[in-house]
Amino acid sequence: RDPILSFDDALQIARAGGVGIYPELKHPSFLAERGLDPVPPFIAAIEAAGLNTRAAPIFAQCFEIGALRRLAQLSPVRRIQLISPEGAPFDQPMLSYQAMLADLPTLAAYADGIGAEKSLIIPRDQTGALAAPTNLVSRAHAEGIAVHAWKFRAENYFLPRELKRGENPAAQ
């Protein structure tokens, strides 16, 4: 009944509204293995929208390394390596996200920034309260890498102990 918003539609809305856009390349190696490489159509779409420039208000983000490396070779668009506290990129499962954070110069060769889950910046202690900030931001900035944090939610379940409201995990 209702039309589905396409990536092209989202790009047009962002341009018309004078705002930036922060798309994520989801599972690019999985898709590429099935003959559906998302990198070329992504570049074609941002090119058609006039956003395939270094200064365009767009950041392309991905948890995988290979797609960001290819994007770095094919487009000037700014790239963000998404990082989680645990696990590894699907396309390089032997390289943990923690190992990537220990080698920021290598990451800086293909990404302009990291999209770090917020606990990598301000962790929690064993009681769930906010702990002292890590040195991730200063280390990244020393390598010329921007830091964008993610996973901000208002529900009690996601809040540090000192910001919770009552006992209901869904309370906001």
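In case you missed it, the structure is sitting above this.
A.B. asks: For this particular structure, what's the right way to read the pairing of strand β3 (residues 113-117)?
C.D. replies: The side chains of a regular strand alternate between the sheet's two faces. Counting buried positions over the 5 residues of β3 gives 5, a clear majority of the element. Neither face of β3 is exposed, since Gly 113, Gly 115 and Glu 117 on one face and Ile 114 and Ala 116 on the opposite face are all buried. Pairing of strand β2 (residues 78-83) with β3, which is carried by 4 bridges, proceeds in the parallel orientation. Along β3, the bridge assignment pairs Ile 83 with Ala 116. Alignment of β3 against strand β4 (residues 146-150), held across 5 bridges, turns out to be parallel. Bridge pairing links Ile 114 to Val 147 in β4. With respect to chirality, the unit in which β3 leads through helix α7 (residues 136-142) into the neighbouring parallel β4 is right-handed.

A.B. asks: Looking at this structure, how should I read the sheet that holds β4?
C.D. replies: In a beta sheet, neighbouring strands are held together by backbone hydrogen bonds and run either parallel or antiparallel to one another. Strands sit in the order β1-β2-β3-β4 across an open sheet of 4 strands; the sheet is parallel. At either margin of the open sheet sits one strand with a lone partner, and together these are β1 (59-62) and β4. Strand after strand, the sheet turns through a mean of 30° between neighbouring axes, direction not considered. Relative to β2, helix α4 (residues 66-74) is tilted by about 170°, and along the sheet it contacts β1 and β2.

A.B. asks: When you look at the pattern of salt bridges in this model, what are you seeing that I'm missing?
C.D. replies: A pair can form between side chains of opposite charge whenever their charged atoms are brought close. In the structure shown here, the tally under the stated rule is 6 salt bridges. Ionic pairing is found between Arg 70 and Asp 37, a salt bridge with its closest N-O pair at 2.8 Å. With Arg 70 in helix α4 and Asp 37 in the loop between α2 (28-33) and α3 (39-48), this pair connects stretches of sequence that are 33 residues apart. The class of Arg 70 is partly exposed, set by a relative accessible area of 31%. Under the relative-accessibility criterion, Asp 37 is labelled partly exposed at 25%. Its salt-bridge partner being Arg 54, residue Asp 112 comes within 2.4 Å of it at the nearest N-O pair. Here the residue Asp 112 occupies a position in the loop between α6 (104-108) and β3, and Arg 54 occupies one in the loop between α3 and β1, the gap between them amounting to 58 residues. The buried category is assigned to Asp 112, whose relative accessible area is 17%.

A.B. asks: Would you mind going over the nonpolar core with me for this structure?
C.D. replies: In summary, soluble globular proteins display a tendency toward joint burial of nonpolar side chains. By size, the foremost hydrophobic cluster in this structure holds 36 residues, and its most contacted members are Leu 11, Phe 42, Ile 58, Leu 71, Ile 83, Leu 107 and Ile 114. Taken together, the elements giving at least two residues each to this core come down to α1 (7-17), α3, β1, α4, α5 (97-102), α6, β3 and α7. At 5 residues, the largest contribution of residues to this core is made by α3. In contact with Ile 58, not counting residues within four places along its chain, are Leu 11, Ile 21, Pro 23, Phe 42, Ile 46, Leu 51, Val 77 and Arg 78.

A.B. asks: I'm lost on α3 in this one. Help?
C.D. replies: Side chains that are three or four residues apart share a direction in an α-helix, a result of its 3.6 residues per turn. Those residues of α3 lying buried are Val 39, Phe 42, Ile 43, Ala 45 and Ile 46. The arc that holds every buried residue of α3, seen down its axis, measures 160°, which confines them to one face. Against the buried residues of α3 lie α1, β1 and α4. Within two residues after α3, Gly 50 carries a phi angle of roughly 75°, on the positive side.

A.B. asks: Any chance you could explain the packing of α1 against α3 here in plain terms?
C.D. replies: Helix packing geometry: the angle between the two helix axes and the distance between the axes. The geometry of α1 relative to α3 is characterised by a closest axis approach of 10 Å and an angle of 30° between their N-to-C directions. Considered as vectors, α1 and α3 are oriented roughly parallel to each other. Crossing of α1 over α3 shows right-handed handedness. Residue-level contacts link Phe 7, Asp 8 and Leu 11 of α1 to Phe 42, Ala 45 and Ile 46 of α3. Here the contact of α1 with α3 is composed, by residue class, of 5 nonpolar, no polar and 1 charged.

Definitions and limits used
Residues numbered from 1 in each chain as written. Predicted model: local features only at pLDDT ≥ 70, side-chain atom pairs only at ≥ 80, totals over all residues. Heavy atoms only, no water. Buried < 20%, exposed > 50% of the residue type's maximum accessible area, 1.4 Å probe, protein only. Helix = DSSP H or I, 4+ residues; strand = E, 2+ residues; numbered from the N terminus. Pairing = 2+ DSSP bridges. Right-handed = clockwise from strand over helix to strand, strands pointing away. Axes fitted to C-alpha atoms, helices over the stretch in contact; angles between N-to-C directions. Contact = heavy atoms within 4.5 Å. Salt bridge = Lys/Arg side-chain N within 4 Å of Asp/Glu carboxyl O. Core = buried A, V, L, I, M, F, W, Y, C linked by side-chain atoms within 4.5 Å. Arc of directions from axis to C-beta. Parallel < 35°, antiparallel > 145°, perpendicular 65-115°, else oblique. Left-handed = near helix turned anticlockwise from the far one by under 90°. Nonpolar A, V, L, I, M, F, W, Y, C, P; charged D, E, K, R; others polar.

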